[in-house]
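Structural description and commentary
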Amino acid sequence: MNSSTVLSAILVIAVLTVGATLFVQYGHRPPPPVSSASTTIDLLAEVVGSDAFERADAVRAFQFPRDHGMHEEFRTEWWYFTGHLTDAEQRPYGFQFTLFRFELDDDKHASESAWRTPRVFLGHFAITDIGSGKFYAFERMSRAFPGIAGASIDPQAVWLDDWRVEFDGDAHWSLHARHDTVELELTLAPLTPVVAQGEGGLSRKSAARGNASYYYSIPRLHARGVLRLPSGEHAVEGEAWLDREWSTSALDRDLVGWDWFALQFEDSSTLMFYRLRRRDGKPDPYSAGSYISASGEAITLGADDVRIEVASTWTSDVTRTRYPSAWKIEVEELDLSVSIVPRVAAQEWQGQFRYWEGAASFTGKRGSTAVGGLAYVELTGY
C-alpha cells in the first residue's frame, strides 16, 4: 500500500488526473490530458475494456525473481521503498523512493514507433532530514521513451532518466535518485522473507470482481549507501520497507482515500495496515493488513481487527490541508497498543498530487511488554 502508498502507489493514477497541466521535465512530451473532473476512484474503476488488460481476480503463486520485474499485462504497477537511515554521527533521516508505471490507454498496437508509447513512468523521491526538520520532495514523469524511461527483465530494472531501481538476481536491490543537491544511493538486502499480502497475495479492495491488486512486501531490508544533501555527503545505514503492487482496477468509487501504516518493531516484528476511508467517514470493510512476528509467523488483519484513533492534527502552512498527525492503534488479537507520532510534522507532498507521507516513531505495549520502533505513514484524500 506505498502506498499505497501503495495501494500507496496508486498515487500515479491520481497524478495523471492533472496530466493536462503537467509538463514533463527536460522537455519530455507530456501525456495526453485526462479530464480535470476525474478522480483517483474514477481512474481505478472500470475505465478500460474488460479484455484490455488482465485483472487481479484470483490467487496466484508469486514467482521470484520474475515477479520483482514489470507486469505489462496489468495497467498499473509500482516499486515503493520507504525507510529510516542514520549517518556516522547518528543523525537520523527518512526516505521515500517510488517508481510507478501506468498505461494511458488499451491501444497497445496504435503505432510501431517507440516514440508513441502509451506507457508512462512517474517517480517520487523524498528525504526527511529529521535533525533539521527539512523535507525535500521531488517528482518526475515521462513517457517510456527510449533511453529516458522504461523497464527491463535482464537486468530487472526500472528507470526514469537517472532515477533507477534494480534487482541483481541475488536478492539485492539497488536504487539511485538525484535532484540538484539531493542524492541517494542505496544497496538493500532483505532481512525477512517476502510477505504475500491479503489472500495469498491477492489484495481485494472491494466486492467487485477484479477490484484487487497482487501485493507483496519485504518488511525489512538492510540499507547501506550514501546520502548527499546541501549540508554535505553522509555515509548512511538503516532499514527499509518495500511494497510491490500491480493491478488494473483496485478501488471502489465510494472511497475518498486511505491511511497506510508500516511499523518496524525493535524486536524485529512488523505490522502493516491500510485503512480505506469511505465518503461517509467510516472505515471501509476491505481495509486490511498483516502482522509478522519476530519468528516469522504471519497473521492477516481485517478491518475489524484494528482500531485506529486520531490523537492530534497538523495543518499545512502551504495548502491549509489538515491531516491527522498522531495515532493510537490497537490490535486486540495481539494485545497490542501503540502510539505513533511523526518525526517531523511537515512531510507533505506539494506536487501535482498532494498527500502526506513521512517518517514516524511509536511506543506502546504488547501485553505487559514495552514495545517501540520506527514507522512510515501515508495519508491521502484529505
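Residues numbered from 1 in each chain as written. Predicted model: local features only at pLDDT ≥ 70, side-chain atom pairs only at ≥ 80, totals over all residues. Heavy atoms only, no water.

**A few points about unusual backbone geometry**
Inclusion rule: Working definition: helices are DSSP H or I runs of at least four residues, strands are E runs of at least two. Numbering for both runs from the N terminus. When a residue's accessible area, from a 1.4 Å probe over protein chains only, is under 20% of the maximum for its type it is buried; when over 50% it is exposed; and in between it is partly exposed.
In this structure, Pro65 follows Phe64 across a cis peptide bond, with omega equal to 10°. Its place among the elements puts Pro65 in the loop between helix 2 (40–44) and strand 1 (76–87). With an omega of 5°, the peptide bond running from Asp154 to Pro155 counts as cis. Here Pro155 is to be found in the loop between strand 5 (149–152) and strand 6 (156–160). Its identity as a non-glycine residue notwithstanding, Ser268 has a phi of 85°, on the positive side. Overall, Ser268 belongs to the partly exposed group, its relative accessible area being 40%.

**A closer look at the confidence of the model for the chain**
Note the cut-off: Scored from 0 to 100, pLDDT records how confident the predictor is in each individual residue. Should any heavy atoms of two residues lie within 4.5 Å, those residues are counted as being in contact.
A residue-level look at the chain finds 84% of positions with pLDDT of 70 or above and a mean pLDDT of 85. Least confident of the elements in the chain is helix 1 (residues 11–16), whose mean pLDDT is 38; most confident is strand 20 (residues 336–342), at 98. This model gives residues 2–43 a pLDDT under 50, and the stretch forms 150 contacts once residues within four places in sequence are excluded.

**Here we look at the environment of Lys365**
Here Lys365 is to be found in strand 22 (residues 354–366). Judged by its relative accessible area of 49%, Lys365 falls in the partly exposed class. Considered as a pair, Lys365 and Asp335 are 30 residues apart in the sequence and their alpha carbons are 8.0 Å apart. Here Lys365 is in contact with Asp335, Leu336, Ser337, Ala370 and Val371, once residues within four sequence places are set aside.

**So, the environment of Val59**
Topologically, Val59 is positioned in the loop between helix 2 and strand 1. Through-space distance from the C-alpha of Val59 to that of Tyr214 is 8.5 Å; in sequence the pair is 155 residues apart. Setting aside residues no more than four positions away along its own chain, Val59 makes contact with Glu199, Gly200 and Leu202.

**Some details on the pairing of strand 4 (residues 134–143)**
The condition that has to hold: The rule for pairing is simple: two strands pair if DSSP sees at least two bridges between them.
Of all ten residues in strand 4, seven are buried; the element is thus mostly enclosed. A loop of four residues connects strand 3 (residues 119–129) with strand 4, the two strands running antiparallel in sequence, and Gly133 in this loop sits at a positive phi of about 80°.

**Looking at the side chain of Arg275**
Rules: Each polar contact in these results corresponds to two N or O atoms within 3.5 Å; when the atoms are within protein, one needs to be able to donate a hydrogen and the other to accept it, and residues that are neighboring in sequence are counted only if both atoms are side-chain atoms.
Examined against the element boundaries, Arg275 turns out to sit in strand 15 (residues 270–278). Of the polar contacts made by the side chain of Arg275, one reaches the backbone oxygen of Ile308; its length is 3.4 Å. The residues touching Arg275, leaving out its near neighbours within four places in the chain, are Gly257, Trp258, Asp259, Pro283, Ser287, Ile308 and Val310.

**Focus on the packing of aromatic side chains**
Rules: Think of it this way: a Phe, Tyr or Trp ring, Trp meaning its six-membered ring, pairs with another when their centres are within 6.5 Å, and the plane angle makes it stacked under 30 degrees, edge-to-face over 60, tilted otherwise. We count a charge as sitting over a ring when the NZ of a lysine or the CZ of an arginine lies within 6 Å of the ring centre and within 35 degrees of the ring normal.
Tallying each qualifying case throughout the model produces 21 aromatic pairs. Arranged with centres 5.0 Å apart and planes meeting at 55°, the rings of Phe167 and Trp173 form a pair that is tilted. We note that Phe167, like Trp173, is buried. The interplanar angle of 90° and the centroid separation of 6.5 Å between the aromatic rings of Trp241 and Trp260 together place this pair among those described as edge-to-face. Of the two residues, Trp241 sits in strand 13 (residues 232–249) while Trp260 sits in strand 14 (residues 255–265), which places them 19 residues apart along the sequence. For Trp241, a relative accessible area of 3% gives the class buried. Among the residues examined, Trp260 registers a relative accessible area of 0% and is labelled buried. These aromatic residues form a ring-pair network of at least three members: Phe62, Phe64, Phe74, Tyr214, Tyr216 and Trp246. Over the ring of Tyr214 we find Arg60; its NZ or CZ atom is 5.3 Å from the centre of that ring. The positively charged end of Arg277 is found above the aromatic ring belonging to Tyr382, 3.9 Å away from the centroid.

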